[in-house]
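Reading the structure
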Amino acid sequence: MLPSDPTDSSHLSARSLCFGYDGQDVLHDVSARFTPGTVTAVAGPNGSGKSTFVELLAGVRGPRRGTVDRRGRLALVVQRPSTPDALPVTVQDVVAIGTWGRQHRRDRQAGRQTAIAEAIGRVDLTGLERRTFGELSGGQRQRALLAQGIVQNAEILLLDEPAAGLDAGSRGRTREILTEEAARGATVVCVTHDEESIAAAEHVIRFEDGRIVG
Ligand SMILES: Nc1ncnc2c1ncn2[C@@H]1O[C@H](COP(=O)(O)OP(=O)(O)OP(=O)(O)O)[C@@H](O)[C@H]1O
């Protein structure tokens, strides 16, 4: 893990975002600014716009109106991968995808392998590296996706319900990992329904009907 860098110029903010599916607005004039080195929990009822908001922050979708100012490398941890179960992608492969396009110090290949092993270890999946995604439980898949996110060592880490379907121990471990990521200087934004994650976050944004209400 890299130490936090006070000269880090990463930045994430959103201004006056509006977004709709099929002409029906689901986000209305949403603005937010995120602080590097902290965890922000994005909370609110089902269908209130949390995932859509995070997708706009990540650039997966473009707003109908408003802007996202995003500086720094970004990693997005999605809840449901679009990978079909039949595809023979292993845990090792899933995490390795997170290292694509990255330069590793030391010997390049050795550095990459070390980073992958570390990320798998942090989510407690050591020993399951050769399992295919289809052979994992739902919670193990979630953890593999989290490892794919953290291996990127990105300045901005966005997560959509990383603790969904996890047992209490794994939810606790996920919270610890997010705290560790913030401690190295990352801007961490996490959609969650987990009350303990909301309580543990430095900042909380609450959505209702496509608007930030607190
Ligand atoms: N692909 C889509 N096409 C059409 N409408 C969508 C699509 N995705 C989401 N919506 C609608 O947009 C609104 C916001 O959905 P979103 O997934 O952002 O909510 P959420 O707060 O993340 O919900 P949850 O807690 O259930 O994950 C909802 O009314 C939802 O029905």
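Residues numbered from 1 in each chain as written. Predicted model: local features only at pLDDT ≥ 70, side-chain atom pairs only at ≥ 80, totals over all residues. Heavy atoms only, no water.

So, on to the confidence of the model for the protein chain. In the predicted model, the protein chain carries a mean pLDDT of 90, and 91% of its residues have values of at least 70. The least confident element of the protein chain, judged by mean pLDDT, is helix α3 (residues 108–122) at 89; the most confident is strand β3 (residues 39–43) at 98. In this model residues 1–7 is a low-confidence stretch, pLDDT under 50, and it forms eleven contacts with partners more than four residues away in sequence or in other chains. For this predicted complex, the interface confidence comes out at an ipTM of 0.97, alongside a pTM of 0.91. (pLDDT = per-residue confidence, 0-100. Helix = DSSP H or I, 4+ residues; strand = E, 2+ residues; numbered from the N terminus. Contact = heavy atoms within 4.5 Å.)

Y21, V26, P45, N46, G47, S48, G49, K50, S51, T52, E161 and H193 make up every residue found near the ligand. At 3.1 Å from an oxygen atom of the ligand is found a main-chain nitrogen or oxygen belonging to S48. Within the side chain of K50, an N or O atom sits 2.7 Å from an oxygen atom of the ligand. Across the complex, the protein chains shield 60% of the 640 Å² of accessible surface that the ligand would expose by itself. The leading source of residues in the shell around the ligand is helix α1 (residues 50–58), at three residues. For the shell around the ligand, the class distribution of residues is three nonpolar, seven polar and two charged. (Near = heavy atom within 4 Å. Polar contact = N/O pair within 3.5 Å; in protein donor to acceptor, adjacent residues only side chain to side chain. Areas by Shrake-Rupley, 256 points an atom, 1.4 Å probe, with all protein chains shown as cover. Nonpolar A, V, L, I, M, F, W, Y, C, P; charged D, E, K, R; others polar.)

Next up on the list: the pairing of strand β2 (residues 24–34). Bridge analysis of strand β1 (residues 11–21) against β2 gives seven bridges, and the strand direction is antiparallel. Each residue of the ladder has a partner; that of F19, found in β2, is L27. Between the end of β1 and the start of β2, which pair antiparallel, lie two residues, with D22 showing a positive phi angle near 50°. (Pairing = 2+ DSSP bridges.)

The end-to-end C-alpha distance of helix α5 (residues 168–183) is 23 Å, a good match for the 22 Å that 16 residues give at a rise of 1.5 Å each. Every buried residue of α5 is accounted for by S170, G172, R173, T174, R175, I177, L178, E181 and A182. Taken from the residues just after α5, G185 is the one with a positive phi, measuring 110°. (Expected span 1.5 Å × (residues − 1). Buried < 20%, exposed > 50% of the residue type's maximum accessible area, 1.4 Å probe, protein only.)

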